[in-house]
Structure formats: structure tokens, C-alpha cells
Number of protein chains: 2
Amino acid sequence: MKIEKNAEIIAVGSELLLGQIANTNAQFISKQLAEIGVNMFYHTVVGDNVSRLKQVIKTAQERSDFLIFTGGLGPTKDDLTKETIAEIIGRPLVINDEAMASIERYFAKTNRMMSPNNRKQALVLEGSDVLVNRFGMAPGMLLESNGCFYMLLPGPPSEMKPMVEQEAIPLLLEKFGHNEKIVSKVLRFFGIGESQLETDLEDIIDSQTNPTIAPLAADGEVTLRLTAKHADQDETKRLLEEAEAKIMDRVGEYFYGYDDTSLVGELVKACREKGLSLSAAESFTGGLFSEGITNISGVSSFFKGSVVCYTNEMKNSVVGVSEQTLRHHGAVSAECAKELAAGIKSVSGSDIGISFTGVAGPDSQEGHPPGKVFIGIAITGKQVLSFEFIFAGTRSGIRKRSAKYGSYLLLKELENE
Amino acid sequence: MKIEKNAEIIAVGSELLLGQIANTNAQFISKQLAEIGVNMFYHTVVGDNVSRLKQVIKTAQERSDFLIFTGGLGPTKDDLTKETIAEIIGRPLVINDEAMASIERYFAKTNRMMSPNNRKQALVLEGSDVLVNRFGMAPGMLLESNGCFYMLLPGPPSEMKPMVEQEAIPLLLEKFGHNEKIVSKVLRFFGIGESQLETDLEDIIDSQTNPTIAPLAADGEVTLRLTAKHADQDETKRLLEEAEAKIMDRVGEYFYGYDDTSLVGELVKACREKGLSLSAAESFTGGLFSEGITNISGVSSFFKGSVVCYTNEMKNSVVGVSEQTLRHHGAVSAECAKELAAGIKSVSGSDIGISFTGVAGPDSQEGHPPGKVFIGIAITGKQVLSFEFIFAGTRSGIRKRSAKYGSYLLLKELENE
């Protein structure tokens, strides 16, 4: 469905302007509203200050016709949202009996004295649909005034989130009805830069209107969000598949998964499906790869563990890299990566061994610059492989990308099985 | 000092309006600018849309005189920030040689093809102070036009954050001069909850005006930010020390460090100072502790490595935990924690061995509920210790807290040496 409104979120609270907290409320609300087809055009944050709040509301009224407020519904003096809106649209505040009753129940239940300023929380803008607050005292509300809609939500995420999901969304769907279905799908790519991906797909992205295609780069990955709208759900599905096919045709080799999956998530899936046990030897990644795998529950069925061999001594004594290799080729070498992968495979008795050796920086090592990385992969019955990279970026960036490349390379190897 | 400006952050990116990411950039920038006395009055988010971006800039020009932009400096078509500002203030874009050179270096270094749209990133607004981007390609900039200041920052936090800290803040201080000195200091505590800390310090926090004391809880730690203002730097220093003494008197036992340090950072410092080598045996933490240590550069001088023994098989075969212990006490036991700590210490030939075994969840294990954790510490010449905990929270929360407690416990042990 599509709600033909230009929406804007106005978050009220000085703590946001001081940087004490991030505006995660706006993210949550935007995501929820996007799913029912609301066009979100602006987010605004303003402090607990009446005159600036007024100014912000007036600006919003000129450019948007659906204003969503979060914060400033509490009992204290600096909670001004309701009062300010009431003044601007000339709508009185009236006691809401249901809200008042639930506030009284709350105090009875917690055996706390109800202070007068708590009554303030039961006030709602006259003529508004009240959104029940199941996890706090301040009710939310939705009302219309001169063709502009105002939705007021509490600031605490624990109260706001359930109110949006259980109260606001159903009410909006009921009020504004359905016509178009919006379906969105994320394609995840690795091993290709954002600008390269966009260059490869330029004509498709530019010509595409339904679905729209939006690239986003984060943590060395690039995603494409495809968003299709149509009254007929099967048609939206067809539109998405059509566009996806075109994209895969160009850059499919870098594709690894859909929506909220991750490289390590896909690797875990692949190992489980193939029933292959895995272990790792990590030098400069220092446990980053293993930590990522074990952050997923239930991996002990196939992940045996790893050795973080930060010194040559441990590479040799625990993983069994030969002294000759360390002496002649050094720890940062294809040979060492291969011996580490094969070594951890046999030490742990796994089907697969993966290894990481390289220079995280800031200093160079064995004459190699920061970013020089070797990844080794040993799979039973296959030749031991090593892959060489030169990564740019910070120490932690180099480590993270290396761990991701490990998952990516192994994933591709398993796909080719 | 105080920068007499009304500041507004304008974050540009449709991904923010779709709720794909939260506007954490605005939080970071606000926090940094608050510390040098900038008044932040608004945050605005707008999509990758020229006409709406123009409208937002015009609105901002009317109410603010310091506009900070983040995002939209990238190489792709939907990166429009520079171009739009150039048009509005009538300032041409010119190639910045330094930026172009560093972009070419980047591609040379990573052996990647430079696509034409990357050149776009070397364009800066004529007459602006360029903010060097050490971790990406798009340079930032600061310029003045008709009494209004414009600061342009890249969107990716890994590029924006160091640019703000290392380039923007010093430039702003230099440009806008000083009057009152603001000095702020953070005290870090672990092992005490925020509410307990606040209760213990309530009267001090309430009565304190200069310095102000602001508690903040994050990742199981509590910090107190002391912020003092005075024309005389020595006086600000004295005010801070006075307040700190009062605080330490009450809750000093939970204090572990100042400002941006971390538990693991303090542990690294302690091991270096005492010249003690360290290694770890990690079961349910899966490498989290080791990853934290090795994320700090130069630790190979004392950190030998670790074994992530995710299976009992590896606990026994690689770290040498006895089969009897695993059979009679189980892997989640004080006995196993001790044998793991002692085992890794001898396997790696280190002075200190630390171990983590427990249940991360969501399922219970060996009859223990999620959150049941044992940490073992073996130090040469001292009795092997084990510590038992029951943590609440998510799988990843339990793992993180356990790794932090490991650093904390070992730190306290080394302090008592």
C-alpha cells in the first residue's frame, strides 16, 4: 500500500543535540513507515525549547503533511511537545479518561505516590485518536488539522517501539487504506567497490524506476536495495526478479546473499549444509574471524575452534609451521599461510582449515607494508590454496576486511565444490 | 572556549530516511563540538535529492550560521552535497591537487582501477580550508560565505570521525579563538551499575556546578564526565582534581582509567610495564578477548596468542584439560577454567594464562543456564584462580561482559602484585 503523504519526523530532546544519544527513534519509525509506503523526506531534531520547536513545526507544516513527533510527552517541565502543538494548531488539551485510568493503575501497582505532574501525561489533543502506551504513562496520539496529520509518540524506545508496531501502523493502514503493495529486497555484494559497482550498473540504475535501485556501501560491502510498488503482489515479485536478473548478469560474481544476512552467516550456513567441520589459524586477525563465527549460536556442531598464533613461536609449536618456512619465507608469506591452514586442519582434526597472516599496521613487518595479507585455505581432498591482498585503511579496517575476505573466499570455494 | 555560533548538522542520505542506518554521525559531531563550546540547535536529515537539499540549506541559512554537512561527498551520482552548496552560495568547485594525488595513491596502492567518477571526489569548493581524509578519498572542507560557515564532512564514520578529531576541531579552535577554557576529563568505572554509582555520588553530582559531573553508562561500564570552565587553565585543572578526589573517595575501588582508555588498554599497559607475557584459552568467548588485545598495535611484544577451544576435544588435545575434569566437572566449571588457564600458560610458555568457559546461550549447556561463566587466571608463582559469574542479557552481551571482566580481574590481580 501507499500512503500519499510527505512525512517528516521531529525528534524533541536536547540530549540528542548534545550527542548523548543517537536518534535511533527516527531510524525505527522510518523503517516501520517505509514498509507501509510512507514517503519520508526529512528528519529534524530540536531541543527542549518552545520557540525553536515552534519554528521547526512551522517549517515542517510548509513542506510536509504528515508530522511525526517523538519525545517531550513526559511529566517534567521540559516536556513541551503536546502543549506547543496545541498552541500552534489551536486545539485544546483534554484529559483522556483511559490514559488517566492506566496512569492511576500504574501507580497503584507500583505502590508509588502519584505526583500532580503525572496528571499532565493524561492530557491529549482534543479530537485525536489515542495510541495506548502499554509500557509507560504518556499516551500517543494521531490527529488531523487543516489537511496535515500529526502523530505524537513518546521518546523512550521501550514505549515508542511497541506503540508504533501495535497501535500506530494498524491505525494508519485503517485510516489511509490500501492501494499499492511495496516490496523491497536487498542484494549484498563483496569484493567490489561502490563506485565500480555503480559504474557497472549505471544504465540500469538510471533507467530503473520500478523497482528503484539504491546502492549503499558499509564495512567494505556494497548493497543494492530494490524497491518495487504495485497493486498486484505477484507483479511486484516479478518486477523485482526481472531487475535482479539484469543486475546479476553484470555483477553476479560479487553477490553473496539477500537482505540482513552476512558473509559469516552465509559461511556458517554452507558449512552446516555440507556437514564440514572448520577451524582457523589467526595471526594478525587475532581472533576476529573466530569471534565472528562463534557470535552465531549453535556453531559448535561444526566449528572446532582456532589458534591465535600471534608469535612465530606459536605458529611453529602449536600449529606446526616449519622453522624453514618462517626463516626463508617469513610469517607474512603464501607459504606460511598454506602451512597454517593445513596445520590447524590437522591439529584440530577438521575438514577445513583457514588461516590469516599479514601486517595490520601501523608499522611494517618483515619488510611488508601494512595491509599486506595472505589467507590460506585447506580443504580435505583439495589442494591447499593461498590468496594475497594489499588492503588500505586503518589497522582495525585491515583486520576486519581480512576476516570478511576469509569468509568470502571460503564461501566461494565451498560453492564450487 | 566558546564558539559563538548557532550550529546545525545536515546529514545527507536517503538510507537515513529509509531507516537503514541511524544518524550516529550527528551524535558524534554534536559531542565533539559541544566540547569546544559550540551551540548545536538543530539536526536535519534529507535524502539524496537536489531540490529538497536546496530547501534544507536555505532554511538552515535563516536560523543557523554554522552548517555542518555529513554525507554526499562520494563518487556516485547521488552524491550531491558539494555541487548543491556550490550552486547556492555561488562558489565554483576546483580540483584539489593534494586530494587528487592521495586518490591516485590509493588506487595505485590497492592495485584497483580508478573509475572516472573517482576524480569527482577531488573537487573542493574554491577558497575553502581542506580537511584531509586519511582513511578515504573524499576530502572535507570548511569555508565562509556571507558570515555563514559551511563544514563538509564525508558520510562513512571511519572517515568522518578521524577527520573531525584530527582536522576539524583544531582548525575551528584556531579560527574562532579562545576566551574561556573548557577542560573535560572522563573517569571510567567497571563492576558497578550506573544507578548504584549515581546513588553513591548523588549529593556530589547535584551540588557540583563547576566542574559539572555527567554520568553515562555504556557496554557494562559507567563513566563520569567532569567538565570545568575557567579563564585560567591552572584553575580548571585544580577544580577538576578537587572534584575527582571527592569522587574517588566514594567509588575509587571501581575506577580503572581516564578518558578514552579501555579495560583492555589498561591491561596491555600493565603487562608491558611488568614485562609479563600473556596468552588466553577461550571457549564460549570464541576469540573475543584475544581480538580485543590484538586490536591494539605492538602487543606481540608480550601477547603470544590463544587457543579458541570451542569443543571439549580441543580443550583436551590442544590445551591439555584432563578428560576426568571434563567428565566429572564438565567444561563449564571452576576446575576446567583453572586447567585451561594453567594449560594455555604452559602450552604457550607465557607468564600469565587466562581462560574463559561458560554458557553464552540461548540454550543452556551441561545443565547450566545462559550467563553462567567461569574465568580462570594462572600467573607464574601464584595460585591458579577461578572466578564465577552469572550474567544476564543477550548472547553477545554475555560474551562481551565476560571478556571485559577478564581484563578487569587480571588488571586487579596485577595491581596487587
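For chain A, an unreviewed UniProt entry supplies the name Putative competence-damage inducible protein and the organism Bacillus gobiensis. Chain A has a UniProt comment under Sequence similarities (unreviewed entry) that states "Belongs to the CinA family."

## Considerations on the sheet that holds strand E1 (residues 6-12) of chain B
Each strand in a sheet pairs with another by means of backbone hydrogen bonds, the pair being arranged parallel or else antiparallel. If you trace the twelve strands from one edge of the open sheet to the other, you get E6(A)-E7(A)-E8(A)-E3(A)-E1(A)-E2(A)-E2(B)-E1(B)-E3(B)-E8(B)-E7(B)-E6(B), paired in mixed fashion. Lying at the two open borders of the sheet, with one neighbouring strand each, are strand E6 (129-131) of chain A together with strand E6 (129-131) of chain B. When strand polarity is set aside, the average angle formed by the axes of neighbouring strands in this sheet is 15 degrees. Two strands pair when backbone bridges link them, and E1(B) and strand E3 (residues 66-70) of chain B are joined in this way by five bridges, in the parallel orientation. Across the sheet, B:Ile10 pairs through a bridge with B:Phe69, a residue of E3(B).

## Structural notes on the pattern of salt bridges
Applying the stated criterion across every chain, the model contains 37 salt bridges over all chains. One salt bridge in this structure joins B:Lys237 and B:Glu241, with 3.1 Å as the shortest N-O distance. In this pair, B:Lys237 and B:Glu241 are both assigned in helix H8 (residues 233-251), four residues apart and thus about one turn of the helix distant. Relative accessible area serves as the criterion here: at 41%, B:Glu241 is assigned to the partly exposed category. Ionic contacts of the salt-bridge type, sharing partners, join the residues A:Arg188, A:Glu221 and A:Lys404 into one network.

## Focus: the pairing of strand E11 (residues 221-230) of chain A
All names here are of chain A. Among the ten residues of E11, seven are classified as buried, and the element is accordingly described as predominantly covered. Here seven bridges tie strand E10 (residues 212-218) to E11, and the two strands are oriented antiparallel to one another. For Pro 215, the partnering residue across the bridge sits in E11 and is Leu 224. In sequence, E10 turns back onto E11 through a hairpin of two residues, with Asp 219 there showing a positive phi of about 50 degrees.

## Quick word on the packing of aromatic side chains
Tallied over the entire structure, the rule returns 20 aromatic pairs over all chains. A ring pair is formed by A:Phe189 and A:Phe255, whose centres lie 5.9 Å apart and whose planes are at 70 degrees; its orientation type is edge-to-face. Within this pair, whereas A:Phe189 is found in strand E9 (residues 181-190), its partner A:Phe255 is found in strand E12 (residues 255-258), the two being separated by 66 residues in sequence. The same class applies to A:Phe189 and to A:Phe255, which are both buried. Taken together, a centroid distance of 6.2 Å and an interplanar angle of 85 degrees make the contact between B:Tyr405 and B:Tyr408 edge-to-face.

## Observations concerning the interface of chain A and chain B
Facing the 73 residues of chain A at the interface are 70 residues of chain B. Buried surface at the junction of chain A and chain B, both sides included, amounts to about 5,900 Å², of which 56% is carbon and sulfur. A:Glu313 serves as the salt-bridge partner of B:Lys304, at 3.2 Å between the closest nitrogen and oxygen. Remark: the boundary between chain A and chain B carries 30 residue pairs in polar contact (both at pLDDT 80 or more). Tallied by class, the residues present in the side of chain A that touches chain B amount to 30 nonpolar, 30 polar and 13 charged. In this sheet, strand E2 (residues 39-46) of chain B lies alongside strand E2 (residues 39-46) of chain A in antiparallel orientation, the contact comprising five bridges. Residue pairing across strands places A:His43 opposite B:Val45, the latter belonging to E2(B).

About the cut-offs
- By convention here, each chain's residues receive numbers from 1 onward along its written sequence.
- Here chains are named by letter from A upward and ligands by number from 1 upward, in the order in which they appear as written.
- Only residues with pLDDT of at least 70 are given local features in this predicted model, and only at 80 or more are side-chain atom pairs given and counted; all residues enter the totals for whole chains, interfaces and linings.
- By convention in this description, side-chain values take in all heavy atoms of the structure and omit both hydrogens and water.
- UniProt positions are given in the numbering used here, feature names are shortened, and annotations may be inferred rather than shown by experiment.
- What makes two strands pair is DSSP finding at least two bridges between them.
- Going along the chain from the N terminus, every DSSP run of H or I of four or more residues is numbered as a helix, and every run of E of two or more is numbered as a strand.
- Angles shown run from 0 to 180 degrees and are taken between the N-to-C directions of axes, each axis being a line fitted to C-alpha atoms and, for helices, limited to the stretch in contact.
- Between Lys or Arg on one side and Asp or Glu on the other, a salt bridge is scored when a side-chain nitrogen of the former is within 4 Å of a carboxyl oxygen of the latter.
- Per-residue accessibility, obtained with a 1.4 Å probe over protein chains only, is compared with the maximum for each type, and a residue is labelled buried under 20%, exposed over 50%, and partly exposed between these values.
- A pair of aromatic rings is counted whenever rings of Phe, Tyr or Trp (Trp by its six-membered ring) have centres within 6.5 Å, and the orientation is called stacked for planes under 30 degrees apart, edge-to-face for over 60 and tilted otherwise.
- Contact criterion: two residues are considered in contact whenever any of their non-hydrogen atoms come within 4.5 Å of each other.
- What counts as buried area is the accessible surface, traced by a 1.4 Å probe, that two parts surrender upon association, with contributions from both included.
- Pairing of N or O atoms within 3.5 Å defines a polar contact, subject to two protein rules: one partner must be a possible hydrogen donor and the other a possible acceptor, and residues neighboring in sequence count only if both atoms are side-chain atoms.
- Lys, Arg, Asp and Glu make up the charged group, whereas Ala, Val, Leu, Ile, Met, Phe, Trp, Tyr, Cys and Pro make up the nonpolar group; the residues left over, Gly among them, are polar.

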